Amino acid sequence: MIQDMDWEADLARYSSSKPFSHEQSIWAIWVYRFGRRTGELQPGLRQRCYTKIYWLLFRIVETITGISLPKSCKIGPGLRIWHFGNIFIHPESVIGANCTLRQGVTIGNRVENGAAPVIGNNVDFGAYAQILGGITIGNNCKIGAMSVVLCDVPDGATAVGAPARIIHAKSESI
Ligand SMILES: CC(C)(COP(=O)(O)OP(=O)(O)OC[C@H]1O[C@@H](n2cnc3c(N)ncnc32)[C@H](O)[C@@H]1OP(=O)(O)O)[C@@H](O)C(=O)NCCC(=O)NCCS
Ligand SMILES: CC(=O)OC[C@H](N)C(=O)O
């Protein structure tokens, strides 16, 4: 299969020399990248076989780790997931480069069939943060643990609380 630079960048964010035996989250990221690569194959028997293998691996790893990263969401290179369990990413979400997720994070819609969030680059999500609806999180943001984010977050800002309020907006830190 094609060399996957996004996967190389993911691996570089795991400091352990043996991430597959030390961190369950890397299994979910590997299956996600594998699924994305199946979408780049020429249509035909090979692609159909790989896609079936993807779905089998996706369901097994989703169930074992509690991390759901469907191949239809777009995630930039350098994804890091600390820990595992109850991490659900909406199939239409967009997540930029070098983002960090933790246990309990949801990036999803606010109502059934509603829009999904768009996340910039280098965004750090605290444990159990809930990002809901068709909102935009800018680049270089931090989302506090246990926060429920229902509104846009500008570049460089930190959002905390339920519902989240913006603290440390970029303009304040200059
Ligand atoms: C959001 C976070 C990055 C903010 O860090 P910070 O920029 O250093 O902010 P401060 O600690 O100065 O706090 C600023 C204000 O936000 C509040 N705050 C900080 N984190 C909060 C959170 N998660 N939820 C609600 N309020 C929070 C503080 O109480 C403080 O409020 P005040 O000004 O009314 O006193 C950090 O608190 C956080 O939640 N990190 C997530 C870490 C995590 O998930 N750890 C688990 C590892 S598995
Ligand atoms: C549970 C915990 O504090 O884990 C620490 C880890 N480095 C993280 O950022 O999530």
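Residues numbered from 1 in each chain as written. Chains lettered and ligands numbered in written order. Predicted model: local features only at pLDDT ≥ 70, side-chain atom pairs only at ≥ 80, totals over all residues. Heavy atoms only, no water.

Undergrad: Tell me about the pattern of salt bridges, and please be specific about residues and values.
TA: A full pass over the atoms with the stated rule returns six salt bridges. With a closest N to O distance of 2.9 Å, Asp-4 and Arg-37 form a salt bridge. Placement of Asp-4 in the segment before helix H1 (5–12) and of Arg-37 in helix H3 (residues 25–38) is noted, with a sequence separation of 33 residues between them. Ionic pairing is found between Glu-23 and Arg-80, a salt bridge with its closest N-O pair at 2.9 Å. Taken together, the positions of Glu-23 in the loop between helix H2 (19–22) and H3 and Arg-80 in strand S3 (residues 80–82) put the pair 57 residues apart, joining distant regions of the chain. Given the relative accessible area of 2%, Arg-80 is considered buried. Salt bridges sharing partners connect three or more residues here, namely Asp-6, Asp-10 and Arg-33. (Salt bridge = Lys/Arg side-chain N within 4 Å of Asp/Glu carboxyl O. Helix = DSSP H or I, 4+ residues; strand = E, 2+ residues; numbered from the N terminus. Buried < 20%, exposed > 50% of the residue type's maximum accessible area, 1.4 Å probe, protein only.)

Undergrad: Tell me about the site of ligand 2, residues and numbers included.
TA: Near ligand 2 you find Trp-82, His-83 and Arg-102, and these make up its full shell. In this structure, an oxygen atom belonging to ligand 2 sits 3.0 Å away from a side-chain N or O atom of His-83. Out of a free accessible area of 300 Å², ligand 2 has 46% covered by protein chains. (Near = heavy atom within 4 Å. Polar contact = N/O pair within 3.5 Å; in protein donor to acceptor, adjacent residues only side chain to side chain. Areas by Shrake-Rupley, 256 points an atom, 1.4 Å probe, with all protein chains shown as cover.)

Undergrad: Account for the packing of H1 against H3, with residues named and values stated.
TA: Contact pair H1 / H3: the axes reach a minimum separation of 10 Å and the direction vectors enclose 170 degrees. In terms of axis orientation, H1 runs roughly antiparallel to H3. Here Asp-6, Trp-7, Asp-10 and Leu-11 of H1 come into contact with H3, specifically with Ile-26, Ile-29, Trp-30 and Arg-33. (Axes fitted to C-alpha atoms, helices over the stretch in contact; angles between N-to-C directions. Parallel < 35°, antiparallel > 145°, perpendicular 65-115°, else oblique. Contact = heavy atoms within 4.5 Å.)

Undergrad: Go over the sheet that holds strand S2 (residues 74–75) with me, naming the residues and quoting the values.
TA: Pairing between the strands of a sheet comes from backbone hydrogen bonds, and it takes one of two forms, parallel or antiparallel. If you walk across this open sheet you meet the four strands as S2-S5-S8-S11, and the pairing is parallel. Of all the strands in the sheet, just S2 and strand S11 (136–137) have a single pairing partner and so form its edges. Two elements, S2 and strand S5 (residues 94–95), share two bridges in a ladder whose sense is parallel. Within S5, the residue paired with Lys-74 across the bridge is Val-94. (Pairing = 2+ DSSP bridges.)

Undergrad: Provide a residue-level description of the side chain of Ser-147, including the pertinent values.
TA: Looking at the secondary structure, you find Ser-147 in the loop between strand S12 (142–143) and strand S13 (148–149). Under the relative-accessibility criterion, Ser-147 is labelled buried at 0%. A polar atom in the side chain of Ser-147 sits 2.9 Å from the backbone oxygen of Gly-144.

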